[in-house]
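Close look at the chain arrangement
Read off the chains here:
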Amino acid sequence: MLDRRSFMGAGFAGASALAFSSVWSQSAPNFGPPTLPTIGFRRMKLGSMEIIALNDGAVRRPLGEEFVPKVPLDNVKALLASQNLPTDYIDVPYTPFLLVNGNQRYLFDTGFADNGPPTTGKLLGNLAAAGFKPEDINNVVLSHFHGDHINGLRYKNGALVYPNARVHVPTVEHAFWTDEARIAAAPPAMQGAFAAVRRALGNLSGDQLVKFEPGAEVAPGLTSIAAFGHTPGHCLFKMQSQGQSFAYVADITNVPSLFARAPDWAVLFDMNPEMARQSRRRIFDMLVKEKMMAGGFHFPFPAFGTIAPSGDGYQFNPVV
């Protein structure tokens, strides 16, 4: 049973930072802008289905001690250096995924739309390049309610980006972020995160908002997987067609060069770090055992590939 109290006081600063636009961009000009993919979408066949990775941009943030709590910064930099990666900053990409199954189109998470830093908001352009309009999306599936996953539901003016879509949300996640008593008791630093949820989801009609139980089938060939810890109701999604499988693992790890390689570390934004660690190892072990292709919201573009064991952790191997 999820102990909701375990999330009160945990991850507040991180969740608040993701409410509307990311604070990560504030000092980024010191290191230059992140490099975005020239072609911001990548297709993959999955039996009779198609999966499309759609980059929404990236941010470059200075690497400070706060990013990996309770781990010496020198250790964090050493792990990056061992992979020939920069040690002064972190590039964090944002990549929603689109599942096309006949006339049903499921967009997993939404990025920022026009609510984020200047190097984000690329999703609609990449969606158009892949041959789709926002009106073509008839389902949006949210893994959790952090701002970089929900803010793209609406433009700054409040209009829905995907006007024809039903929005599928985990029951546990929805209950946490809409509990009036919890909102009233939350510290000021957390109020922005609750307000972002209210803005994105608050006035959706009963027909537009569809709740599912973590672990339940969302649609034929599409099953949710509970992976709590990053947020109280964080869910992943397994897609299956004609004997082939793919997992969208959302935020099971932030940048895999850190949190796949060192899965017992926790990112600033994990609201219950210990629960997130347990979920991370369980999911990565599943991906390795089943040799399943996987895609992650913060994985380097094209954001999908395979997971292999590496030392005491795991290695993400992107498709080429």
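Quick note: structure is the one above.
Now for a quick tour of the structure. (Residues numbered from 1 in each chain as written. Predicted model: local features only at pLDDT ≥ 70, side-chain atom pairs only at ≥ 80, totals over all residues. Heavy atoms only, no water.)

1. A look at the overall build of the protein chain
For clarity, the cut-off: Only DSSP runs of H or I reaching four residues or more are called helices, and only runs of E reaching two or more are called strands; each is numbered from the N terminus. For a compact globule the rule gives 2.2 Å times the number of residues to the power 0.38, and the radius of gyration it is set against comes from C-alpha atoms. Buried residues are those whose accessible area, probed at 1.4 Å on protein chains only, stays under 20% of the maximum for their type, while exposed residues exceed 50% and partly exposed ones sit between those limits. His residues and chain termini do not enter the charge count, which takes Lys and Arg as positive and Asp and Glu as negative. Charge placement uses NZ in Lys and CZ in Arg. For Asp and Glu, CG and CD serve respectively.
In terms of helices and strands, the protein chain carries nine helices and 16 strands. For the protein chain, whose C-alpha radius of gyration is 18 Å, the value lies close to the compact-globule estimate of 20 Å for 320 residues. In the protein chain, buried positions account for 57% of the 320 residues. In the protein chain, the 27 positive side-chain charges and the 26 negative ones have mean positions that sit 3 Å from each other.

2. Thoughts on the packing of aromatic side chains
Selection rule: Stacked, tilted and edge-to-face are the three classes assigned to paired rings of Phe, Tyr and Trp, where Trp is represented by its six-membered ring and a pair needs centres within 6.5 Å; plane angles under 30 degrees give stacked, over 60 edge-to-face, the rest tilted.
Tallied over the entire structure, the rule returns 16 aromatic pairs. Between F176 and W177, the aromatic rings sit 5.2 Å apart at their centres with planes inclined by 75°, giving edge-to-face as the arrangement. Summarising the burial analysis for this pair, F176 and W177 share the class buried. Grouped by ring-pair contacts, the aromatic residues F97, F108, F212, F237, F246, Y248 and F304 constitute a single cluster.

3. Comments concerning helix α9 (residues 273-290)
Condition: Multiply 1.5 Å by the residue count of a helix minus one, and that product is the helix's expected span. In this context, the arc is that of the directions from the helix axis out to the C-beta atoms.
Counted at 1.5 Å a residue, the expected span for α9 with its 18 residues is 26 Å, and the 26 Å between its end C-alpha atoms agrees. A276, S279, R280, I283, F284, M286 and L287 are the residues of α9 that are buried. One side of α9 carries all its buried residues, which in axial view fall inside an arc of 155°. Opposite the buried face of α9, at more than 90 degrees from it, the exposed residues are Q278 and K289.

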